[in-house]
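# Notes for the structure review
These are the residues of each chain, in order.
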Amino acid sequence: MYQPPSLLEKWIQENNELVNKCKQEAGGGVVSRDHSQSSLRWCSSEFHKLLRKIQGIPPHVDHTQLELAVVCNTCVCFTAQSQFSEAELLLKEATERVLQMTGNNADTSDPLVLWRAVLKSAGNTALHPHVLYLLCLQWALWLAKCQLENIGELQEEMTSLCETVCDGVGDGSPSEAKRRLAKSPLLVMDPKRLTELLQICTSIAQGAEKLNEGRSSEALSDLQAASAMPATRALVAYTHFLSGSCLAHMNRPQMALQCYKKALETDSRCVCALYRSMLIYRQLGNTQAEIQALRLLHSTLMLPPASEPVLGGIHPISPSLLLSSQSLSRLFSVPSALSVLYSLALKCVLSGRVTEGVEHYLDLLAALHSEDQHAVDAEVSVLPRMLELYLEAGTALLITRRPADCMALCNEVISTTLELVPEKVVLEEPEERIGGDARGLSVEGEDKVAMLLWAAAAYLLQGHCHAHLKDWKQAVTHYTRCINLVVKVRLKNRDFQPQIPAADVNVKHGKDLCALQRMKGLSLAWRGISFTQMDQLREALRDLQLSLQAFPDYTGAGLWCGEVLWRLGRKHEAAACWEKTWSLTTQTSVEKLPLYLQDPQSGPLLDSVELRLRIQELGLT
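Residues numbered from 1 in each chain as written. Predicted model: local features only at pLDDT ≥ 70, side-chain atom pairs only at ≥ 80, totals over all residues. Heavy atoms only, no water.

### A short note on the packing of helix 10 (residues 191-212) against helix 12 (residues 233-249)
To be explicit about the condition: Between N-to-C directions, angles span 0 to 180 degrees; the directions come from axes that are lines fitted to C-alpha atoms, helices contributing only their stretch in contact. Helix numbering and strand numbering both begin at the N terminus, where a helix is a DSSP run of H or I of at least 4 residues and a strand a DSSP run of E of at least 2. Put simply, angles under 35 degrees are roughly parallel, angles over 145 are roughly antiparallel, angles from 65 to 115 are roughly perpendicular, and the rest are oblique. Here a crossing is taken to be left-handed if its near helix is turned anticlockwise relative to the far helix by less than a right angle, and right-handed if that turn runs clockwise. Two residues qualify as a contact provided that any one of their heavy atoms is within 4.5 Å of a heavy atom in the partner residue.
Contact geometry for helix 10 and helix 12: axes closest at 10 Å, N-to-C directions at 15 degrees. The pairing of helix 10 with helix 12 is recorded here as roughly parallel in orientation. Considering only the axes of helix 10 and helix 12, their crossing is left-handed. Where helix 10 abuts helix 12, its residues Leu197, Ile200, Cys201, Ile204 and Leu211 lie against Leu235, Val236, Tyr238, Thr239, Leu242, Ser245, Cys246 and His249.

Printed below as a string of structure tokens:
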């Protein structure tokens, strides 16, 4: 005789239909984040409605098992949407319901005490499996909210939970499984898979915190154990990456590189491992390996973003939700693709691979001028300003003997800045110094100096271009324009120090001031060299001597000053000038200078061997 389904069976059926619908949504292929979130909102709303219906009748053991299953499903959906407060409230109500059903009461607001009481009261009852799953979800919430201390306090209970859930609960025979499946409420997320995910994510999060606290050795041991846990390739790669970070912190760079390599072999898109490898190569001075790592990093960052392996609905709680601590964010952070491309371009030029560097600079400028301006604007703030990039790209073009292209970029800089350069710039020193740090430049003052610096640098580069083409008259004209801009800057201070400070002045804005000093020295020196090529030796000597006053360590000016003295018949003075120049040991590292303020690698050069032979013939050695 037909019997209509009971209320319990109807609710189980309704729950199972909702679960199946959620899984169908996820199983339909790759879906957008908006669609996934919309689906989760609908599921959580429907599960919540069902839960309120179940809670509308007096508690019963069978009904409570269903109720806890629906609570679990609702909590999963809330957690996946980062609605942690709503999920916490449901869990608190569920634990109180369990205590009520088992005839116990825990009059406390401490969640740790409450969970221990619930686990104890439900230990030998039919509610036990559901309570364990509720604890899994509480574990997930604590992890997502970076409350690792709570997880640590319940470490023993968590270990027991993992063993119980992973071993399975109940009779595992096929007939029993089928019977249970037909009469039991389904769950949105498999408890075993969730537990495995929580285990490795907790190990990763705890490892990052220990590393952040300086407990690298302890973190390394835990992370190496975690690498053997069942998990996706991306999560296992994170354990290798963090092991490498521990070893790098312990000053073992080669072992760190091995761990980073293992992370990349496990997951080729583990860009944080690639980035940290590049930093270690830089630290070790392995320039070629650094360039290769930068190239690979840029290529990887340019790939379409990988979606998390359809964790959207079948496994709504994703690893990224659980790994959101500040320590992990710092460790996993990498520069933008445009920043990496800039670093690659600059490193190639500085290491002599200038043709490659030029191509990277041109790619960078093309990207910055692309139609996808919204995406570019988010990354521009971490790059040098556009006009500086023009100057650096122009310098690289000049080195590769493309002066026309270099001059075109310089014209862009000049047309943008020249009308904005003031007639006079005064840099004022503050009345008080705090910790020896002079912060006398306002934002407006900085902008004025920057505009002047870029315009002057553009003229300097154009002078180099004309010198490369042996058009000495035009070279003199452009070097003069550079000098006329640089001398507009004055430094005002109480101690009446020089107008442009010496190279060893260590102030907050010393970089700009030293750049101006070097630019003055370079422009005077190269105008003097140009005069030399035109046989205007008096003017050449004047400029070269002024250059040495502004920039005493510039060996090029010293050698050419000696050459001019020699041609003027002042050979003993020339020899003394050369000897003094060769004795200079203070050299500014090229890495610390703007690219456009380094010595041009073109134009007339003097052979030191030939100069020494002249001194020998003079009988001074």
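### Quick notes on the nonpolar core
What counts, and what does not: Among the buried residues, those of types Ala, Val, Leu, Ile, Met, Phe, Trp, Tyr and Cys that are joined through side-chain atoms within 4.5 Å form a nonpolar core. Working definition: with a 1.4 Å probe on protein chains only, accessible area under 20% of the residue-type maximum means buried, over 50% means exposed, and in between means partly exposed.
Grouped together as the largest cluster of nonpolar side chains are 96 residues, with contacts concentrated most on Phe47, Phe241 and Leu322. Considering each element in turn, this core owes the most residues, 13 residues, to helix 6 (residues 128-144). Membership of the second largest hydrophobic core comes to 81 residues, among which are Leu338, Ala396, Ala467 and Cys482.

### A look at unusual backbone geometry
Phi is positive for Ser82, close to 65 degrees, though the residue is something other than glycine. One can find Ser82 in the loop between helix 3 (61-80) and helix 4 (84-101). For Cys146, which is not glycine, the phi torsion reads 60 degrees and is therefore positive. Checked against the element boundaries, Cys146 lands in the loop between helix 6 and helix 7 (148-153). Taking the relative accessible area as the measure of exposure, Cys146 reaches 35% and is therefore partly exposed.

### Topic: the pattern of salt bridges
Stated precisely, the cut-off is as follows: Salt bridge, as applied in this entry: a Lys or Arg side-chain nitrogen positioned within 4 Å of an Asp or Glu carboxyl oxygen.
Here the structure, examined in full by the defined rule, presents 22 salt bridges. Among the salt bridges present, the one from Asp405 reaches Arg402, with a minimum N-O distance of 3.0 Å. Arg527 is the salt-bridge partner of Asp543, the closest N and O atoms lying 2.6 Å from each other. Placement of Asp543 in helix 26 (residues 537-550) and of Arg527 in helix 25 (residues 510-533) is noted, with a sequence separation of 16 residues between them. Through salt bridges with shared partners, one network takes in Lys210, Glu213, Arg215, Glu218 and Asp222.

### Digging into the state of the cysteines
Every disulfide links exactly two cysteines, by a covalent bond between their sulfur atoms. So the rule is basically this: Here, two cysteine sulfur atoms that lie within 2.5 Å of each other are counted as a disulfide.
Counted under the stated rule, the structure contains one disulfide. Here Cys22 is linked by a disulfide to Cys43, with a sulfur-sulfur distance of 2.4 Å. Taken as a pair, Cys22 in helix 1 (residues 7-27) and Cys43 in helix 2 (residues 33-54) lie far apart in primary sequence, 21 residues in all. Note on Cys22: relative accessible area 5%, which makes it buried.

### What about helix 5 (residues 111-121)?
Note that an α-helix has 3.6 residues per turn; residues three or four places apart therefore point the same way. Filter applied, for reference: Here a polar contact is recorded for every N or O atom pair within 3.5 Å, except that within protein the pair must consist of a potential hydrogen donor and a potential acceptor, and residues adjacent in sequence are included only if both atoms are side-chain atoms.
All of the buried residues along helix 5 are Leu112, Leu114, Trp115, Val118, Leu119 and Ser121. Sitting at the head of helix 5, Asp110 places a side-chain oxygen 2.9 Å from the backbone nitrogen of Leu112.

### A short note on helix 13 (residues 253-266)
Operational definition: Expected span, for any helix, means 1.5 Å times one less than how many residues it has.
Compared with the 20 Å implied by 1.5 Å per residue over 14 residues, the 20 Å span of helix 13 between its first and last C-alpha is a close match. Every buried residue of helix 13 is accounted for by Pro253, Ala256, Leu257, Cys259, Tyr260, Ala263 and Thr266. Check the buried side of helix 13 and you find it contacts helix 12 and helix 14 (271-284).

### Topic: the environment of Glu9
By secondary structure assignment, the location of Glu9 is in helix 1. Between the C-alpha atoms of Glu9 and Pro185, which are 176 residues apart in sequence, the distance is 9.3 Å.

These figures capture arrangement, not role.
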